[in-house]
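# Per-entry structural report
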Amino acid sequence: MSLTTGTRLNQYEVTAQLGAGGMGEVYCARDTRLQRNVAIKILPSLFATDAERLTRFEREAQVLASLNHPHIAQIYGVEESAGVLALVMELVDGPTLAELIAAAGGISVEDALDVATQISEALEAAHDQGIIHRDLKPANVKVRPDGVVKVLDFGLAKAMGVGAMSGAAAEMIENSPTFTSPAVTQFGVILGTAAYMAPEQARGKIIDRRVDIWAFGCVLYEMLTGSRPFAGETVTDVLSAIVSREPDWNALPAGVPASVARLLRRCLEKDPRKRLRDIGEARLVLETPHASHEDASRSARDATIARSRGWAIPSLMAVALLTLASGYLVVTRARQQPSVPGTITRFDMYPPDASAALTLVFRPAVALSANGRTAAFVAAAGGIDRVYVRTRSDAVARVIPGSERGTGPALSPDGKWVAFFAGGAIRKAPIDGEAATIGTARDVRGISWSDDGTLFLTADAAAPLVSMPAAGGQQRPVTTLAAGERTHRWPEVLPGGRSVLFTVGTMASPDSYDGGNIDAVMVQTGERRVVIRGAAMARYCGDGRLLYSKGGGLFSIAFDPDRLTTSGEPVQVIPAVARDASTGAAHFSCASDGTLAFVPGTSLSELRDLVWVDAPGQTELAKLPAGRHQEVRISPDGRRAALLGGTSGNGDVWIYEFAAGTFNRLTFTGTNAAPTWSPDGLTVYYSSFDAARTESTLMKKPADGSRDAVAVAKTPGRSYIAWVDPKETSAIVDVVNPASDRGDILRVTFGTSAPPERLVGTPSNEYAGAVSPGGNWLAYESDDTGRPEIYVRELEGSGVRWQVTSEGGEEPHWSSDGRQLFYRSANRLMAVPLEPGRTFRHGPPRGLFDGIYNTGIESGRSYDVNPVTGRFLLVRPADSGPSSRAVRMVLNWALELPAR
């Protein structure tokens with residue numbers, strides 16, 4: 001449908017037609033509300049009649065609208081009026097790059113590098129958000145009169161994909177930009193602007209951001225030479241050239257710097273595994289294209305060393321780029337260290353899926369084998385965590401089959417095997433094979449692999465160390481929790497397997513591991529000694545050095561692994577390493593060959609968002625500021641939530657009003673936990689701990705804060721209120737015994753000195769009690785089988801129980817009508833259908849969606865269900881956290897230490 005001057009689309013009035021193409025017709029329009037000119041792109045009528053296509057397009061457009069960069073033309077929104085669907089975009093003045101090249105037969109080297117630098121900055125910003133352009137070409141680049149470059153139509157090739165097709169053709173179209181020709185009558189079918197398509201696009205294969213790097217190389221080549229690198233009379237001829245022929249490299253002008261010529265060759269590698277991996281590396285070259293002879297010699301020397309060590313990879317262009325990057329090794333104090341042969345080299349290691357991001361919660365995401373030949377890391381693609389490995393001979397990392405929902409990888413010393421934790425199981429795989437289960441565990445906090453094939457691990461968040469054969473078998477205790485200790489975690493077995501380092505978490509500092517110690521235990525005798533005070537998670541680098549985490553930084557200290565003693569002063573190596581403050585896990589690893597792997601960043605899990613999720617997995621950010629949110633509970637009327645943390649820390653209860661978006665603090669003193677609503681929604685009950693956390697006081701306070709809190713009961717241990725009865729005379733509580741650190745479920749009567757009634761109490765760990773809406777049934781977790789499973793029993797009566805899950809389950813919640821029981825399995829939300837009646841009957845579990853963030857706290861409250869709308873409210877890491885897309889590798893990192 002064509003528009004005429006004066007046509008109105010809501011507040012937009014068309015003033016002129018600008019052009020037409022495979023993406024639709026484009027008009028200049030006036031925004032009468034904001035008094036600005038915009039570009040209006042009219043989408044084909046096919047969208048208006050295809051609900052699936054329209055829904056998908058709007059979803060993609062929302063993602064594209066999140067791009068906000070000075071070199072990307074902004075998308076303002078999607079408008080629909082009188083059957084016309086339009087995309088509203090920033091209006092960019094000036095000619096397209098295609099027009100400039102055509103007018104001058106190419107542009108000067110200086111101008112071409114300037115334009116290319118701005119394009120690379122736009123691509124880098126988009127790739128960091130997982131967005132691929134898919135149709136980069138000179139016609140989609142505009143140059144304003146002031147010289148500012150704007151890239152147009154970002155990601156629209158995907159947003160406007162052909163949803164009505166299926167099979168191989170649809171897959172090809174999904175991964176190709178759009179193309180129209182007189183021979184093609186259906187919108188968007190196939191092939192994009194053929195001259196700029198990467199070989200894998202032309203073949204209809206799955207693509208990633210490297211197709212943009214190929215197109216970028218084509219555009220840069222065309223700017224420099226005035227002609228396309230791959231030409232032909234027909235589309236078939238062009239595609240044949242792309243797949244089988246090289247550009248005419250002799251056509252490059254004499255003034256093109258050698259580094260830029262090398263960059264072009266890397267961008268136009270036909271094998272994507274050998275192509276430039278990250279457009280940010282191209283930006284570094286373009287910003288400093290004229291390197292001195294000394295820099296070039298140093299770069300060549302670094303490249304030779306890197307190749308000799310085996311980590312020189314096709315994803316790296318000239319190592320000169322790496323030496324241009326800002327230094328990451330910062331030392332605060334000088335001291336003498338043994339020299340390490342070689343030269344410092346840095347590069348980034350990415351997941352093979354461009355949309356994947358590292359998983360930086362709960363357990364260390366990065367591991368190196370002791371010999372430094374293999375690296376492993378955890379990344380999430382499509383909402384599912386997986387374990388990836390990469391050896392020195394690999395071009396890219398590869399996923400371990402059977403590692404879905406796997407976390408906390410540990411490599412065998414020879415780098416040939418990887419072990420990890422997944423959904424209540426300990427699994428092991430050869431690095432070129434499939435994973436198999438070798439044991440069970442409740443909530444692993446670290447695995448370390450000794451030379452003799454023994455695994456040392458913490459099988460529960462609140463437990464000592466155990467050992468087990470790597471082939472599978474019985475777990476045997478290695479340490480014993482002493483008085484005041486809460487956990488022994490993040491083991492690191494020392495060479496020979498005689499001693500193991502581990503992190504000690506204390507009752508006095510439950511929320512901070514910087515206040516704990518790094519201890520060593522001698523495996524045969526159980527004798528312990530303190531190695532480092534006030535630190536968390538140590539790794540032995542095999543050369544007389546320990547690396548450990550403290551305050552968000554990474555420190556090195558000299559260490560004798562035989563005497564288990566340190567010497568000298570600690571030296572700061574990295575000022576900011578990503579870590580999970582709630583568990584003490586820092587994301588780094590080191591090897592005996594001088595390799596260091598780490599994730600740059602700051603403390604994670606400090607800030608969290610609340611996110612609404614519908615059963616299909618659609619998300620919406622709640623309207624409240626990020627904070628240390630946890631233990632969320634929705635009011636009976638579905639209008640408010642009580643939660644712990646807020647913006648004041650972990651010890652206060654806050655009330656969040658959904659409609660108004662207000663966020664008010666309810667408590668101001670003490671260390672509090674487990675806020676729970678009264679049945680009428682007027683009162684909030686919560687637990688308050690004493691300083692030693694050996695006794696709990698159950699408190700209540702009006703939800704509007706109109707009166708002071710009053711105590712209603714006291715219990716031994718750490719108590720978490722799960723439910724208050726309709727008459728508000730008693731509560732069901734989860735109680736953690738401070739002596740055994742195991743949980744029981746009790747009924748506590750308010751206002752009496754009578755001892756609590758033990759509803760569920762065995763030598764196993766039972767907690768996370770949840771009472772059904774009618775008050776008839778109690779759901780809870782128990783690790784009676786060796787891992788947490790969901791059980792249900794009558795709240796009153798015989799105490800007979802039914803086992804609901806058989807493959808692991810945590811955090812049970814009832815639906816408001818009592819017809820479903822929800823629970824969390826790793827990071828997946830599950831639902832069990834229930835049959836009404838006096839006897840408990842249930843159907844098989846089914847998955848609802850992935851992406852639940854397990855906060856890992858004792859109360860077990862990572863999510864809640866709105867009793868009115870049925871939507872789920874989840875606690876997740878705030879989006880404002882540091883970038884988590886790459887593992888930074890540093891070869892010969894210790895060479896920095898003597899220089900400081």
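## Observations concerning the side chain of K137
Inspection of the secondary structure puts K137 in the loop between α4 (109-128) and β7 (141-143). The residues contacting K137, other than those within four sequence positions of it, are T193, Y196 and V219.

## Structural notes on the environment of D850
By the secondary structure assignment, D850 is in strand β58 (residues 846-850). A C-alpha to C-alpha distance of 9.4 Å links D850 and S825, two positions 25 residues apart in sequence.

## Some details on the state of the cysteines
This structure, assessed with the given rule, holds one disulfide. The residue that forms a disulfide with C541 is C590, at a sulfur-sulfur distance of 2.3 Å. One disulfide, between C541 and C590, carries an S-S torsion of -95° and so falls in the left-handed class. With C541 in the loop between β27 (536-540) and β28 (545-550) and C590 in strand β33 (residues 588-590), the pair connects residues that are 49 residues apart, well separated along the chain. The two residues C541 and C590 agree in class, both being buried. With no disulfide of its own, C218 has C267 as its nearest cysteine by sulfur position, at a separation of 9.2 Å.

## Let's talk about helix α11 (residues 279-287)
Think of an α-helix as turning once every 3.6 residues; residues three or four places apart then point the same way. Judged by how many residues are buried, α11 sits mostly within the fold: seven of nine residues are covered. Taken residue by residue, α11 has I279, G280, E281, A282, R283, V285 and L286 as its buried positions. Residue D278 occupies the N-cap position of α11, its side-chain oxygen lying 2.7 Å from the main-chain nitrogen of G280.

## Topic: the packing of aromatic side chains
In this structure the tally under the stated criterion is 17 aromatic pairs. Taking the centre distance of 5.5 Å and the plane angle of 55° together, the rings of W777 and F840 count as tilted. Of this pair, W777 sits in strand β51 (residues 777-782) while F840 is found in the loop between β56 (828-835) and β57 (841-842), placing the two residues 63 residues apart along the sequence. Summarising the aromatic geometry, the rings of Y780 and Y791 are spaced 6.0 Å apart at their centres and angled 25° between planes, so their arrangement reads as stacked. Linking Y780 in strand β51 with Y791 in strand β52 (residues 789-794), this pair joins segments that are eleven residues apart in sequence. The burial state of Y780 is the same as that of Y791; both residues are buried. A cation over a ring is seen here: K428 above W417, with NZ or CZ 4.4 Å from the ring centre. Sitting above the plane of the W893 ring, R545 keeps its charged end 5.8 Å from the centroid.

## Re unusual backbone geometry
At N10, a position not held by glycine, the phi torsion is positive, near 55°. The residue N10 is located in the loop between β1 (8-9) and β2 (12-21) in this model. Judged by its relative accessible area of 37%, N10 falls in the partly exposed class.

## A closer look at the nonpolar core
Counting residues in hydrophobic clusters, the biggest one holds 57 residues, and the most contacted among them are L97, I119, L136, F154, F216, L220 and M223. When contributions to this core are tallied by element, the ones reaching two or more residues are α3 (97-104), α4, β7, β8 (149-151), α8 (210-225), α9 (235-244), α10 (258-267) and α11. Of the residues forming this core, the biggest block, eleven residues, is contributed by α8. Among the nonpolar cores identified, the runner-up in size contains 21 residues, and V366, A397, V887 and L891 belong to it.

## Brief notes about the sheet that holds strand β53 (residues 801-803)
The strand order across the open sheet built from four strands is β50-β51-β52-β53, with neighbouring strands paired in antiparallel fashion. The open sheet has two free edges, formed respectively by β50 (766-771) and β53, since each of these has just one partner strand. Geometrically, the sheet is characterised by an average inter-axis angle of 25° between neighbouring strands, direction not taken into account.

## Considerations on the packing of α8 against α10
Between two packed helices, the angle of one axis relative to the other and the distance separating the axes together describe the packing. Contact pair α8 / α10: the axes reach a minimum separation of 8 Å and the direction vectors enclose 135°. Considered as vectors, α8 and α10 are oriented oblique to each other. As for the relative orientation of α8 and α10, their crossing is left-handed in sense. Of the residues in α10, those touching α8 at I213, W214, F216, G217, L220, Y221 and L224 are V260, L264 and C267. When the residues that make up the contact of α8 with α10 are grouped by side-chain class, the tally is nine nonpolar, one polar and no charged.

Each value, and the rule that gives it
Residues numbered from 1 in each chain as written. Predicted model: local features only at pLDDT ≥ 70, side-chain atom pairs only at ≥ 80, totals over all residues. Heavy atoms only, no water. Helix = DSSP H or I, 4+ residues; strand = E, 2+ residues; numbered from the N terminus. Contact = heavy atoms within 4.5 Å. Disulfide = S-S within 2.5 Å. Buried < 20%, exposed > 50% of the residue type's maximum accessible area, 1.4 Å probe, protein only. Polar contact = N/O pair within 3.5 Å; in protein donor to acceptor, adjacent residues only side chain to side chain. Phe/Tyr/Trp six-rings, centres within 6.5 Å; stacked < 30°, edge-to-face > 60°. Lys NZ or Arg CZ within 6 Å of the ring centre and 35° of its normal. Core = buried A, V, L, I, M, F, W, Y, C linked by side-chain atoms within 4.5 Å. Pairing = 2+ DSSP bridges. Axes fitted to C-alpha atoms, helices over the stretch in contact; angles between N-to-C directions. Parallel < 35°, antiparallel > 145°, perpendicular 65-115°, else oblique. Left-handed = near helix turned anticlockwise from the far one by under 90°. Nonpolar A, V, L, I, M, F, W, Y, C, P; charged D, E, K, R; others polar.

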